[in-house]
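# Architecture and fold: a report
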Amino acid sequence: MQWKEQLLTLKPYQPGRPIESVKREYGLENIVKLASNENPFGASPKAVEALKEAVTNFAIYPDGYATKLRESMCDFLKVNQNQLIFGNGADNLIQIVSRAFLLPGKNTVMPSPSFSQYKHNAIVDGAEIREIPLNDGEHDLESMLKAIDENTAVVWVCSPNNPTGLHISKEKLVSFLDRVPDQTLVVIDDAYHDYVVADDFYDSVDFAKTYKNVIVVRTFSKIYGIASLRIGYGIAHEDIIRALEPVREPFNVNTLGQIAAIAAINDQEYVEECKKKNRDGMAQFELFCKEKQLKYFPSQANFILIDFGTSGDEVFQYLLERGYIVRSGNALGFPTSVRVTVGSTEENNGVIEVMTQYLQEKAAISN
Ligand SMILES: *Cc1c(COP(=O)(O)O)cnc(C)c1O
């Protein structure tokens, strides 16, 4: 058959192992999943309540315009209805952008390592990929600018970046946006913006309002705690949204997701609480790293990339067998690290204890 050539070598996304199968294999009663940057405290109780009360006729298609959610988001963001596009998760928006802009003959510029889906979609769509290495965990925006030419359709920035957790300062991002040519779309992946506490951060909605070649992509999967319901959205100039809309599947955002997202966005008190708890949890990990003299990136997100100086796969396996699922840095471009999602205080203490045990066993072997 006449497959696109690039599909023949492309691997599907490797999801983490199902919790039940890990339990069975290692005879564990409890598993703590700190692998996908989900909110350890779950969704806002108000979103849970809204779902319980949702009387829905499951035979009816969702509202393809997401009317009520759109209205709530317009109030919240102070944007117009035609400046928003919704997706089945932010992943879906990345796919929509890629589908709309990328094809053979075009190229796309992205940081590396960063979120896998920019590259994955670009491969499927057949565009040339220009990966610009991070500079000590940060975007090398100057080199990214240099890599842009007249055939660069899309440039991706991820701030805070997954998997390093480092953000771009407002000053640097503005200077970058000012110099990206008008005919190149900039995607600002804002998946973790709610977690950022740094003083020099920005409100990306301002950029979506001022630059006609910017789309901000956000998700309800992280701090909002409804990853299973798959809601993401993009904010951009109305001309961008209008051109993207035909690429979107008509019913890509499900009914229950729309209901939960409205309740979640209206509970900013809960978001604030989660943000604060995340910083407390982050402090636990930073203290651990300092005590054990492990290198780490000072993350502004809800995960931390810790360099054990040994095989990340080995650390991953050690933790897995003791009930903690993290991500090995090996698959993320940092082979000697693991990426750990900040959990509850208790979960953090638990995983830190096992990591300490790992280091002690390692030291005992080498002595
Ligand atoms: C988690 C994540 C996404 C995808 O979020 P979904 O809305 O669940 O698809 C996008 N970008 C980054 C950087 C992420 O970490």
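In this text the structure is predicted, and so the values were computed from the model without any measurement.

Criteria and thresholds
Throughout, a residue's number is its position along its own chain's written sequence, starting from 1. Totals for whole chains, interfaces and linings use all residues, but because this is a predicted model, local features are given only for residues with pLDDT of at least 70 and pairs of side-chain atoms are given and counted only at 80 or more. In computing side-chain values, all of the structure's heavy atoms are included and hydrogens and water are not. Note on conventions: DSSP H or I runs of at least 4 residues are helices, E runs of at least 2 residues are strands, and numbering of each starts at the N terminus. Throughout, the radius of gyration refers to the C-alpha atoms, and the reference size of a globule is 2.2 Å times the residue count to the power 0.38. Think of it in three bands: with a 1.4 Å probe and only protein chains considered, a residue is buried below 20% of the maximum accessible area for its type, exposed above 50%, and partly exposed in between. Residues count as neighbours in contact if any of their non-hydrogen atoms are within 4.5 Å of one another. Accessible surface is estimated by sampling points in the Shrake-Rupley manner with a 1.4 Å probe; for residues, cover comes only from the protein chains shown. Counting rule applied: Lys, Arg positive; Asp, Glu negative; His and chain ends not counted. Positions of charges follow a simple convention, taking NZ of Lys, CZ of Arg, CG of Asp or CD of Glu. Strands pair, by our definition, only if DSSP identifies at least two bridges between them. Whenever a helix is involved, its axis is fitted only over the stretch in contact; in every case the axis is a line through C-alpha atoms, and angles between N-to-C directions fall within 0 to 180 degrees. Any angle that is under 35 degrees is reported as roughly parallel, and any over 145 degrees as roughly antiparallel; angles of 65 to 115 degrees are reported as roughly perpendicular and all others as oblique. In this scheme, a crossing is called left-handed if the near helix is turned counterclockwise away from the far one by less than a right angle; it is called right-handed if the turn is clockwise. The residue classification treats Ala, Val, Leu, Ile, Met, Phe, Trp, Tyr, Cys and Pro as nonpolar and Asp, Glu, Lys and Arg as charged. All others, Gly included, are polar. Exposure above 30% relative accessible area and the lack of any salt bridge qualify a residue for a patch; like charges then connect within 9 Å, and the nonpolar side chains Val, Leu, Ile, Met, Phe, Trp and Tyr within 5 Å. For this analysis, a salt bridge means a side-chain nitrogen from Lys or Arg found within 4 Å of a carboxyl oxygen belonging to Asp or Glu. Ring pairs shown here join Phe, Tyr and Trp side chains whose ring centres sit within 6.5 Å, with only the six-membered ring taken for Trp; geometry is labelled stacked below 30 degrees between planes, edge-to-face above 60, and tilted in between.

### Regarding the overall build of the protein chain
- Helix and strand counts for the protein chain come out as 13 helices and 13 strands.
- Taking 21 Å as the expected radius of gyration for a compact globule of 367 residues, we find that the protein chain reaches 21 Å, a close match to that expectation.
- Projected onto its principal axes, the C-alpha positions of the protein chain cover 65 × 55 × 50 Å.
- Burial status across the protein chain gives 52% buried among its 367 residues.
- Taking the intrachain contacts of the protein chain between residues at least 6 apart in sequence as the baseline, contacts between residues at least 24 apart amount to 73%.
- Carbon together with sulfur atoms contributes 51% to the accessible area of the protein chain, which is approximately 17500 Å² in total.
- Computed over 37 positive and 49 negative side-chain charges, the inter-centroid distance for the protein chain is 2 Å.

### Some remarks on the sheet that holds strand 13 (residues 337–341)
- Taken together, 4 strands build an open sheet; the order of strands is 9-10-13-12 and the sheet is antiparallel. Bordering the open sheet on either side are strand 9 (295–296) and strand 12 (327–328), each of which pairs with just one other strand.
- Strands in contact with helix 12 (residues 312–321) are strand 12 and strand 13; relative to strand 13, the strand with the most contacts, it is inclined by about 45°.

### Some thoughts on the packing of helix 12 against helix 13 (residues 345–366)
- Orientation of helix 12 relative to helix 13, taken along the N-to-C sense of each, is 120°, at an axis distance of 10 Å. As the angle between them shows, helix 12 and helix 13 are arranged oblique. Taken as a pair, helix 12 and helix 13 cross one another with a handedness that is right-handed. Side by side, helix 12 and helix 13 meet where Glu314, Val315, Tyr318 and Leu319 of the first sit next to Val351, Val354, Met355, Gln357, Tyr358, Glu361 and Lys362 of the second.
- In terms of residue class, the contact of helix 12 with helix 13 is made up of 7 nonpolar, 1 polar and 3 charged.

### Structural notes on a nonpolar patch on the surface
- A surface patch of nonpolar side chains, about 540 Å² in accessible area, is lined by Met1, Trp3, Leu7 and Leu8.
- Residue placement: Met1 occurs in the segment before helix 1 (19–26).

### Observations concerning the sheet that holds strand 4 (residues 128–133)
- One open sheet accounts for 7 strands, arranged 2-8-7-6-5-3-4; its pairing is mixed. The sheet terminates laterally at strand 2 (84–87) and strand 4, the two strands that pair on one side only. Here the strands of the sheet are splayed against their neighbours by 20° on average, with no regard to which way each runs.
- Contacts from helix 7 (residues 170–179) reach strand 5 (152–158), strand 6 (185–189) and strand 7 (214–219), with the element oriented near 160° to strand 6.

### Re the packing of aromatic side chains
- Here the structure, examined in full by the defined rule, presents 13 aromatic pairs.
- Ring centres of Phe115 and Tyr118 lie 5.8 Å apart, and the angle between their planes is 65°; on these two criteria the pair is classed as edge-to-face.
- Where Phe308 meets Tyr358, the ring centres are 6.1 Å apart and the plane angle is 80°; that geometry is what we call edge-to-face. Taken together, the positions of Phe308 in the loop between strand 10 (303–307) and helix 12 and Tyr358 in helix 13 put the pair 50 residues apart, joining distant regions of the chain.
- In this structure an aromatic cluster arises from ring pairing among Phe86, Phe220, Tyr224 and Tyr233.

### As for the environment of Ile129
- With respect to the secondary-structure elements, Ile129 resides in strand 4.
- Placed 11 residues apart in sequence, Ile129 and Tyr118 show a C-alpha to C-alpha distance of 9.4 Å.
- Discounting chain neighbours no more than four positions away, the residues touching Ile129 are Thr108, Met110, Lys119, Ala122 and Ile123.

### Concerning the pattern of salt bridges
- For the coordinates displayed, the defined rule picks out 17 salt bridges.
- Glu238 is the salt-bridge partner of Arg242, the closest N and O atoms lying 3.3 Å from each other. Of this pair, Arg242 and Glu238 are both found in helix 9 (residues 238–244), 4 residues apart, which corresponds to roughly one turn of the helix.
- Accessibility expressed as a relative area gives 53% for Arg242, which makes it exposed.
- For Glu238, a relative accessible area of 31% corresponds to the partly exposed category.
- Lys276 is the salt-bridge partner of Asp280, the closest N and O atoms lying 3.4 Å from each other. Taken together, the residues Asp280 and Lys276, both in helix 11 (residues 268–292) and 4 residues apart, mark about one turn of the helix.

The analysis is restricted to geometry; functional conclusions fall outside its scope.
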